[in-house]
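Take a look at the letters that make up each chain.
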Amino acid sequence: MTCVTTSAEETLSRSADSASLARAVARSAEIEQAIDDDPTRFRVLTGDRPTGHLHLGHYFGTIKNRIELQRRGVETWQLIADYQVITDRDGLGPIRERVLSLLADYIAAGMDPQTATIFTHSAVPALNQLLLPFLSLVTESELHRNPTVKAELEATEGRAMSGLLLTYPVHQAADILFCRANLVPVGKDQLPHLEQARLIAHRFDKRFGRVDKNQPVFRRPEALLSQATNVLGLDGEKMSKSRGNTIELRMSADETAKRLRKAKTDADRVITYDPVNRPEVSNLLLMAALASDETPEAIAEEIGDGGGGALKARVTENLNDMLAPIRSRRAELMAHEDYLWEVLRAGNERANEVANATLDDVRAAMNMNY
């Protein structure tokens with residue numbers, strides 16, 4: 001009987017997840033149209049942890065889409081999540097250098113620092129102070145059910161989970177809500193994080209009330225499902241800095257060529273785009289296509305029976321052509337560190353202004369404004 005019940009519960013859960021995803025897809029389509037109609041209605045919050053240098057997985061997966069949203073006129077808030085580095089690590093590593101590198105990558109890739117607010121966790125005390133009231137609005141069991149927390153717990157192999165990792169979803173909610181963002185680009189696996197933020201916003205109003213009875217303290221953020229392309233690493237596995245299977249945006253053309261010469265292919269000399277049966281070859285074709293205006297199928301047909309060598313040469317050429325202006329701009333930026341720190345200082349100042357105003361509203365709603 002227990003097995004049947006568990007199976008039924010799992011079926012219901014999958015059904016609910018499918019229904020939720022369908023709603024998110026439909027709503028994302030509506031939001032895309034709304035952005036075209038009036039982009040000023042939206043404020044988007046995105047971010048990255050400064051655990052290393054940005055690579056092609058980041059660029060094709062998220063950075064390119066963020067920059068496109070900014071170009072369409074959406075107000076962009078870009079978080080460099082330095083505090084979140086220690087959620088699953090014993091130390092920070094060369095954090096200052098990585099923050100600077102991330103900032104340079106953003107701007108070199110096309111993010112406009114004149115209109116984007118780029119800031120760090122550690123420089124915005126009021127953002128982090130929101131964690132205290134927010135933590136009172138969630139239960140321990142809810143945190144343990146979060147997919148990211150569950151996955152990290154399984155990956156620890158018995159190692160004790162830190163309190164910061166357990167409360168990671170709440171910290172993400174604070175990132176979104178402090179700046180009153182109403183749009184967050186996410187993949188479908190990140191939808192639970194956004195739902196957690198929406199739930200916290202709702203529970204805050206319900207428990208503590210509002211400063212203005214006609215206006216909630218926090219806007220309800222919505223998901224913009226990412227159209228991101230998933231690019232694998234050069235070994236056919238998930239692209240990861242720790243695996244050394246990436247091509248970083250900052251790498252030289254020669255370094256890129258060297259990495260690609262070691263990329264995994266297969267024994268068939270005839271190049272075809274077949275992601276299911278030939279994932280490594282198809283991944284390289286996808287990279288070449290994303291870096292150009294051609295399709296993977298068309299590139300495969302052009303290479304024909306040229307084999308893995310011709311394929312790698314084509315990918316190298318396309319990627320280096322695409323990355324050349326980004327790398328040139330990045331080199332200029334890194335030669336003027338004072339400018340980069342000034343961009344971050346201005347972003348942190350703006351983030352603090354908004355965070356302090358939000359915290360004032362939170363205190364007023366909680367009757368703690370004394």
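These numbers were taken from a predicted model, which means no experiment stands behind them.

Caption draft 1: Here's a closer look at the overall build of the protein chain. Scanning the protein chain from terminus to terminus reveals 15 helices and five strands. Relative to the compact-globule value of 21 Å for 370 residues, the protein chain shows a C-alpha radius of gyration of 22 Å, a close match. Contacts in the protein chain between residues far apart in sequence, at least 24 positions, make up 77% of those at least 6 positions apart. Surface accessibility of the protein chain: about 18600 Å² in total, with carbon and sulfur atoms responsible for 50%. Here the protein chain contributes 45 positively and 53 negatively charged side chains, and the mean placements of these two sets differ by 4 Å.

Caption draft 2: Representation of the side chain of T117 in the model. Within the secondary structure layout, T117 lies in strand 3 (residues 117-120). The exposure class assigned to T117 is buried, which follows from its relative accessible area of 9%. Apart from the residues lying within four places of it in its own chain, the contact partners of T117 are T76, W77, Q78, G347, R350 and A351.

Caption draft 3: Representation of empty space enclosed by the protein within the structure. Evaluated as defined, the whole model comprises one cavity of 30 Å³ or more. Every residue along the wall of the largest cavity is listed here: G233, L234, D235, G236, A263, K264, E280, N283 and L284. Residue composition of the lining of the largest cavity, grouped by class: three nonpolar, three polar and three charged.

Definitions and limits used
- Residues numbered from 1 in each chain as written.
- Predicted model: local features only at pLDDT ≥ 70, side-chain atom pairs only at ≥ 80, totals over all residues.
- Heavy atoms only, no water.
- Helix = DSSP H or I, 4+ residues; strand = E, 2+ residues; numbered from the N terminus.
- Rg over C-alpha atoms; globule rule 2.2 N^0.38 Å.
- Contact = heavy atoms within 4.5 Å.
- Areas by Shrake-Rupley, 256 points an atom, 1.4 Å probe, with all protein chains shown as cover.
- Lys, Arg positive; Asp, Glu negative; His and termini not counted.
- Charge placed at Lys NZ, Arg CZ, Asp CG, Glu CD.
- Buried < 20%, exposed > 50% of the residue type's maximum accessible area, 1.4 Å probe, protein only.
- 1 Å grid on protein atoms, 1.4 Å probe; cavity = no way out; pocket = protein on both sides within 12 Å on 5 of 7 lines; lining within 4 Å.
- Points joined across faces, edges and corners; volume = space filled by probe spheres on them.
- Nonpolar A, V, L, I, M, F, W, Y, C, P; charged D, E, K, R; others polar.

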